[in-house]
Amino acid sequence: MAEPFHCDFSQRLFMGHLGNHMLNAADFHSSARGFGMKYLMTIQRSWVLSRLAIEMDEMPQMYTKFNVETWVESAMRYFTSRNFRVVALPEPGSGEFPNSPAKVYGYGRSIWAMIDTESRQPTDIFSIDNGAINNWIVKDKECPIDKGGRVKMSEDAAFVRTIDTQYNDVDINGHINSVKYIEHVLDLWPLDWYKEHSIRRFEIAYVAEAHAGDQLSFYKEPAEEPNAFNIRIVKISPNSEEPVEVCRSKVIFRS
């Protein structure tokens, strides 16, 4: 459900909370099939999100109930592609029946790597339960949104701000939470901007890990499409003054 305290001033679900629902769906799906986080952590392995793209026709409204569907589209040795579909659940007494077409809010595409939690290096996905992930690949389910590509940034991108990272930014892998980057990126626009614009598409590609205590600097510039922007996030660690790019993002708004 789009719980009221997970919604913004427009009474629509925050993009960050939708991202959390998608990541939870991915974990529930993989755990039920023997390659989820709970099992992987017993063998010093973990899933790490590499790319995420979410494209929405609209965001669920406050108190709306919805499903997040997920399926594995493909798997390679070090990366796997997982898709999402966000669909409305019919309200009791609404006259809608289970067999009627569901209202689709939008879709998501993601790419994941499996890493060794000690070396932090990618590891062979097919080594888990004799390649069990292959049994769950679904090739004939449609995900009609663009996969996205590399976000191109120029050296002229404008510096916006630098933030500190704290306890609430860190996830179970010990690095800055994937969804926290989404929230920090979307905070680059003021509230008044969101009174006139809604998010049509959000995509992010993670390049390097950041950890608590790192400072994150944000650079932004217009993209080629109308109402679209590219963002680069760079970290400075306490033990190094050398900036390191940690991710790039692209946000497309509708007016």
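Quick note: structure is the one above.
The rules behind each value
- Within each chain, residues carry numbers counting from 1 in the order of the written sequence.
- Reporting in this predicted model follows two pLDDT cut-offs: at least 70 for local features of residues, and 80 or more for side-chain atom pairs to be given and counted; totals over whole chains, interfaces and linings ignore these cut-offs and use all residues.
- Excluding hydrogens and water, the side-chain figures rest on all heavy atoms present in the structure.
- By definition here, a salt bridge exists when the distance from a side-chain nitrogen of Lys or Arg to a carboxyl oxygen of Asp or Glu is within 4 Å.
- The buried label applies to any residue whose accessible area, calculated with a 1.4 Å probe on protein chains only, is under 20% of its type's maximum; exposed applies above 50%, and partly exposed to all values in between.
- Numbering of helices and strands runs from the N terminus, with a helix taken as a DSSP run of H or I at least four residues long and a strand as a DSSP run of E at least two residues long.
- The definition of a nonpolar core used throughout is a set of buried Ala, Val, Leu, Ile, Met, Phe, Trp, Tyr and Cys residues joined through side-chain atoms within 4.5 Å.
- It only takes one pair of heavy atoms within 4.5 Å for two residues to be counted as in contact.
- Each residue after the first adds 1.5 Å to the expected span of a helix.
- Each pair of strands is called paired provided DSSP finds at least two bridges between the two strands.
- In this description, a line fitted to the C-alpha atoms serves as the axis of each element, helices being fitted only across the stretch in contact, and the angle between N-to-C directions of two axes falls anywhere from 0 to 180 degrees.

## Details of the pattern of salt bridges
Stage number 1. Tallied over the entire structure, the rule returns 15 salt bridges.
Stage number 2. Between R201 and E203 there is a salt bridge, and its shortest N-O distance comes to 2.8 Å.
Stage number 3. Judged by its relative accessible area of 4%, R201 is buried.

## Re the environment of K65
Stage number 1. Its place among the elements puts K65 in the loop between β1 (45-56) and β2 (66-75).
Stage number 2. When its relative accessible area of 44% is taken as the criterion, K65 is described as partly exposed.
Stage number 3. Sequence separation between K65 and A113 is 48 residues; the distance between their C-alpha atoms is 31 Å.

## Considerations on the nonpolar core
Stage number 1. Counting 54 residues, the largest nonpolar core has M15, Y181 and W189 as the members making the most contacts within it.
Stage number 2. Beyond its immediate sequence surroundings of up to four residues, Y181 is in contact with I176, I204, Y206, A210, L216, I233, V246 and C247.

## Considering helix α1 (residues 15-31)
Stage number 1. With 17 residues, α1 ought to run about 24 Å at 1.5 Å a step, and its terminal C-alpha atoms sit 24 Å apart, in line with that.
Stage number 2. Considered for burial, the residues of α1 that qualify are M15, G16, H17, L18, G19, M22, L23, A25, A26, H29 and S30.
Stage number 3. Of the surrounding elements, those touching the buried residues of α1 are β1, β2, β3 (79-88), β4 (104-116), α3 (178-186) and β6 (198-206).

## Quick look at the sheet that holds strand β9 (residues 244-254)
Two orientations exist for strands paired in a sheet by backbone hydrogen bonds: parallel and antiparallel.
Stage number 1. The strand order across the open sheet formed by 9 strands is β2-β3-β4-β1-β6-β9-β8-β7-β5, and the pairing between neighbours is antiparallel. If you trace the sheet from one side to the other, it starts and ends with β2 and β5 (158-164), each paired once. Adjacent strand axes in the sheet meet at a mean angle of 25° when their direction is disregarded.
Stage number 2. Pairing geometry for β6 and β9, over 8 bridges, is antiparallel. Among the inter-strand pairings, F202 is bridged to a residue of β9, identified as V251.
Stage number 3. In this fold α1 packs onto β1, β2, β3, β4 and β6, with an angle of close to 60° to the strand it touches most, β2.
Stage number 4. Sitting on the sheet, α3 is in contact with β1, β5, β6, β7 (215-222), β8 (228-236) and β9, with an inclination near 130° to β6.

## Regarding the environment of P226
Stage number 1. Relative to the assigned elements, P226 resides in the loop between β7 and β8.
Stage number 2. The class of P226 is exposed, set by a relative accessible area of 69%.
Stage number 3. Considered as a pair, P226 and R45 are 181 residues apart in the sequence and their alpha carbons are 41 Å apart.

## Things to note about unusual backbone geometry
Stage number 1. Located in the positive-phi region is Q11, a residue other than glycine, with phi close to 65°.
Stage number 2. Mapped onto the secondary structure, Q11 falls in the segment before α1.
Stage number 3. Not every positive phi belongs to a glycine, and N227 is a case in point at roughly 55°.
Stage number 4. With respect to the element layout, N227 can be found in the loop between β7 and β8.
Stage number 5. Take N227: its relative accessible area is 27%, and that puts it in the partly exposed class.

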